[in-house]
Amino acid sequence: MSEWVRVYQAANSLEAHAIKGALEVSGIKVQLKGEALAGALGELPANAIEVTLHVRPKDITQSQLILTRYQQEPRPDWYCSHCGEHNAGSFELCWQCGQDAKVLQSEES
Ligand SMILES: [Zn+2]
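Heads up: these notes are all about the structure in this document.

Cut-offs used in this document
- Residues numbered from 1 in each chain as written.
- Predicted model: local features only at pLDDT ≥ 70, side-chain atom pairs only at ≥ 80, totals over all residues.
- Heavy atoms only, no water.
- Helix = DSSP H or I, 4+ residues; strand = E, 2+ residues; numbered from the N terminus.
- Buried < 20%, exposed > 50% of the residue type's maximum accessible area, 1.4 Å probe, protein only.
- Contact = heavy atoms within 4.5 Å.
- Areas by Shrake-Rupley, 256 points an atom, 1.4 Å probe, with all protein chains shown as cover.
- Donors = N, O, S within 2.8 Å, 3.2 Å for Na, K, Ca; no water.
- Tetrahedral: all angles 85-135°; square planar, octahedral: opposite > 155°, others 65-115°.
- Core = buried A, V, L, I, M, F, W, Y, C linked by side-chain atoms within 4.5 Å.
- Pairing = 2+ DSSP bridges.
- Axes fitted to C-alpha atoms, helices over the stretch in contact; angles between N-to-C directions.

1. Focus: the overall build of the chain
Link 1 in the chain: Looking only at helices and strands, one finds three helices and five strands in the chain.
Link 2 in the chain: Element order for the chain, N to C, with α for helix and β for strand: β-α-β-α-β-α-β-β.
Link 3 in the chain: Out of the 109 residues in the chain, the part that is buried amounts to 27%.
Link 4 in the chain: In the chain, once contacts between residues fewer than 6 apart in sequence are set aside, the share between residues at least 24 apart is 50%.
Link 5 in the chain: Roughly 7,800 Å² of accessible area belongs to the chain as shown, and the carbon and sulfur atoms make up 51% of that amount.

Spelled out as C-alpha cells, the structure:
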C-alpha cells in the first residue's frame, strides 16, 4: 500500500517545488497535490492554487524536521559590498549606505 500523508500546504506552486526539492535531496519521496486541479481549471493563475505536499508515513518525522528548518532558517548576516558594514540577515539594504544585500562582493580589494 502506498499511503501518502499531507505534511505541508504551500502558498503556491513555486514554494511547493522549493520544499519538494529540499525534501528530495534528503531522500524523501514527495507528491504534490493541487497542481492537477490548477491545470484543469485553466483560468486561474498558478500562484492562486494552493499546493499540498504529501510524503510516505515513514518519512513524516524527517519531513517535519526539514520543514521546520525551512520555515525558521535565519538569513545569514552579511557584509556590505559597498562600505563593508556588517548587517544583520534581516536587513535587505545596508543600514549604513543603502546598498542592496544581493549585490555581492565581486573582487577582493
Ligand atoms: Zn554599506
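2. Observations regarding the side chain of Asp-59
Link 1 in the chain: Tracing the chain through its elements places Asp-59 in the loop between strand E3 (51–55) and helix H3 (60–72).
Link 2 in the chain: For Asp-59, a relative accessible area of 7% gives the class buried.
Link 3 in the chain: Contact partners of Asp-59, with chain neighbours within four places excluded, come to Ile-28 and Lys-29.

3. A closer look at the coordination of the zinc ion
Link 1 in the chain: Only Cys-80 (SG), Cys-83 (SG), Cys-94 (SG) and Cys-97 (SG) from the protein reach the zinc ion as donors, at distances of 2.3 Å.
Link 2 in the chain: Around the zinc ion, the four donor atoms sit at angles spanning 104 to 116 degrees, and that spread fits a shape best called tetrahedral.
Link 3 in the chain: In primary-sequence terms, the residues that donate to the zinc ion follow C-x2-C-x10-C-x2-C. With Cys-83 in the loop between strand E4 (78–79) and strand E5 (86–87) and Cys-97 in the segment after E5, the pair connects residues that are 14 residues apart, well separated along the chain.
Link 4 in the chain: By relative accessible area, which is 36% here, Cys-83 ends up partly exposed.

4. Quick look at the environment of Tyr-70
Link 1 in the chain: One can find Tyr-70 in helix H3.
Link 2 in the chain: Sequence separation between Tyr-70 and Ile-19 is 51 residues, and the spatial gap between their C-alpha atoms is 7.8 Å.

5. Considering the nonpolar core
Link 1 in the chain: One finds Tyr-8, Leu-23, Val-30 and Leu-53 to be the most contacted residues of the largest nonpolar core, which totals 14 residues.
Link 2 in the chain: Those elements that provide at least two residues to this core are strand E1 (5–10), helix H1 (13–24), strand E2 (30–33), E3 and H3.
Link 3 in the chain: Once residues lying within four places of it in the same chain are set aside, the contact partners of Tyr-8 are Glu-15, Ile-19, Val-51, Thr-52, Leu-53, Leu-67 and Gln-71.

6. Concerning the sheet that holds E3
Within a beta sheet, neighbouring strands are joined by backbone hydrogen bonds and run either parallel or antiparallel to one another.
Link 1 in the chain: As summarised here, the arrangement of the three strands in space is E1-E3-E2, forming an open sheet in which the pairing is antiparallel. The open sheet has two free edges, formed respectively by E1 and E2, since each of these has just one partner strand. Going from strand to strand, the sheet's axes swing by 30 degrees on average, the running direction of each strand aside.
Link 2 in the chain: Judged from the four bridges that link them, E2 and E3 form a sheet pairing that is antiparallel. If you follow Leu-32 over to E3, its bridge partner there is Leu-53.
Link 3 in the chain: Its contacts with the sheet place H3 against E1 and E3, and it is angled at close to 15 degrees to E1.

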